[in-house]
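Reading the structure
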Amino acid sequence: MREKTCCFTGHRQLPEDQKPEITAKLEEAIVSLIYSGYLYFGAGGALGFDTMAAQTVLRLRKSYPQIKLILVLPCISQAVRWAPEDVRTYREIMKQADKVVYTSQDYSPGCMFKRNRHLVDHSSVCICYLTKGSGGTAYTIEYAKKHGLKIFNIAEFGCRNVSQFETHFPKPRTEKNW
């Protein structure tokens, strides 16, 4: 299953003016993986990029019903201090997920890192949005590199060019060239 699984990690804060472009590149990357045989997509349920990734997988599942969204959550109380609108979005994603995994029952100082390691340990590819060299996303990417995952940073593509991604995962074939 690991060889058919992609995980996501990224910052909680995304530039508002770049969200449509980030979403478009994320969707293109996921579709390329689907055409390369990937079926499982793991997201950590955090605000920002995790939420965007989960929503993108759910939207694509309408066209690719074989794909599965797996939420890997750090603890049951993850969203307890979130804004009501964010909690509603989180619950809606949870309802639509194919599987929900909690890596810890209760919050603890290391539960987010435990969640991130779980995502990496069960994946062969990681799509991320990383613009800073420190923090949880940077830690997760370093961990993923040490464990041999292919890493595709949406931020490095400048949100305009995924040619680096396509060298590893070719663009999907259209109906004309099937």
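Criteria and thresholds
- Residues numbered from 1 in each chain as written.
- Predicted model: local features only at pLDDT ≥ 70, side-chain atom pairs only at ≥ 80, totals over all residues.
- Heavy atoms only, no water.
- Helix = DSSP H or I, 4+ residues; strand = E, 2+ residues; numbered from the N terminus.
- Buried < 20%, exposed > 50% of the residue type's maximum accessible area, 1.4 Å probe, protein only.
- Contact = heavy atoms within 4.5 Å.
- Areas by Shrake-Rupley, 256 points an atom, 1.4 Å probe, with all protein chains shown as cover.
- Expected span 1.5 Å × (residues − 1).
- Core = buried A, V, L, I, M, F, W, Y, C linked by side-chain atoms within 4.5 Å.
- Patch = residues over 30% accessible without salt bridge, like charges linked within 9 Å, V, L, I, M, F, W, Y side chains within 5 Å.
- Salt bridge = Lys/Arg side-chain N within 4 Å of Asp/Glu carboxyl O.
- Pairing = 2+ DSSP bridges.
- Axes fitted to C-alpha atoms, helices over the stretch in contact; angles between N-to-C directions.
- Parallel < 35°, antiparallel > 145°, perpendicular 65-115°, else oblique.
- Left-handed = near helix turned anticlockwise from the far one by under 90°.
- Nonpolar A, V, L, I, M, F, W, Y, C, P; charged D, E, K, R; others polar.

**A look at the overall build of the chain**
In terms of helices and strands, the chain carries six helices and six strands. Reading the secondary structure of the chain in the N-to-C direction produces β-α-β-α-β-α-β-α-β-α-β-α. The burial tally for the chain puts 47% of its 178 residues in the buried class. Long-range contacts, defined as pairs at least 24 residues apart, comprise 80% of the intrachain contacts of the chain with a sequence gap of at least 6. For the chain, the accessible surface area stands at approximately 9,500 Å², while carbon and sulfur atoms represent 50% of it.

**Looking at helix α1 (residues 19-35)**
An α-helix turns once every 3.6 residues. As a result, residues three or four positions apart point the same way. For α1, spanning 17 residues, the distance from its first C-alpha to its last is 24 Å, which sits close to the expected 24 Å at 1.5 Å a residue. Those residues of α1 that fall on the buried side of the exposure criterion are Ile22, Lys25, Leu26, Ala29, Ile30, Val31, Ser32, Leu33 and Ile34. Where α1 ends, the next residue or the one after it, glycine 37, has phi of about 100°, a positive value.

**A closer look at the nonpolar core**
Looking at soluble globular proteins, one finds that nonpolar side chains tend to be buried together. In this structure, Phe8, Ile30, Phe41, Phe49, Leu69 and Ile127 are the most contacted members of the largest nonpolar core, which totals 36 residues. Only β1 (5-10), α1, β2 (40-43), α2 (49-61), β3 (68-73), α3 (84-96) and β5 (125-129) provide two or more residues apiece to this core. With residues near it in sequence (within four places) discarded, phenylalanine 8 still touches Leu26, Ile30, Phe41, Gly42, Ala43, Phe49, Asp50, Ala53, Val57, Leu119 and Ile127.

**Observations concerning a nonpolar patch on the surface**
A cluster of nonpolar side chains, Ile76, Val100 and Tyr102, forms an exposed patch at the surface whose accessible area comes to about 230 Å². Within the fold, tyrosine 102 resides in strand β4 (residues 99-102).

**Some remarks on the environment of alanine 29**
You can see alanine 29 is positioned in helix α1. Taking the relative accessible area as the measure of exposure, alanine 29 reaches 2% and is therefore buried.

**So, the sheet that holds β3**
One open sheet holds the six strands; their spatial order is β4-β3-β2-β1-β5-β6, and the pairing between them is parallel. Sheet topology places β4 and β6 (150-153) at the edges, where each strand pairs with a single neighbour. With direction set aside, neighbouring strand axes in the sheet form an average angle of 20°. Sheet topology places β5 next to β6; four bridges connect them, and they run parallel. Along β6, the bridge assignment pairs cysteine 126 with isoleucine 151. Running over the sheet, α1 touches β1, β2 and β5 and is turned about 175° from β5. Sheet contacts for helix α4 (residues 111-121): β1, β2, β3 and β4; angle to β3, the most-contacted strand, approximately 150°.

**As for the packing of α2 against α3**
Closest axis-to-axis distance for the α2/α3 pair is 11 Å, and the angle between their directions is 45°. By the angle class used here, α2 and α3 are oblique. Here α2 runs over α3; the crossing is left-handed. For the pair α2 and α3, contact is made by Thr51, Ala54, Gln55, Leu58 and Arg61 and by Thr89, Ile93 and Gln96, respectively. Grouping the amino acids of the contact of α2 with α3 by side-chain chemistry returns three nonpolar, four polar and one charged.

**Structural notes on the packing of α1 against α2**
The geometry of α1 relative to α2 is characterised by a closest axis approach of 10 Å and an angle of 55° between their N-to-C directions. In terms of their interaxial angle, α1 and α2 are classed as oblique. Helix-helix and strand crossings are classified by hand; for α1 and α2 the assignment is right-handed. Along its contact with α1, which presents Lys19, Ile22, Thr23, Leu26, Glu27, Ile30 and Val31, the element α2 presents Phe49, Met52, Ala53, Thr56, Val57, Arg59 and Leu60. Each residue belonging to the contact of α1 with α2 can be placed in one class, and the counts come to nine nonpolar, two polar and three charged.

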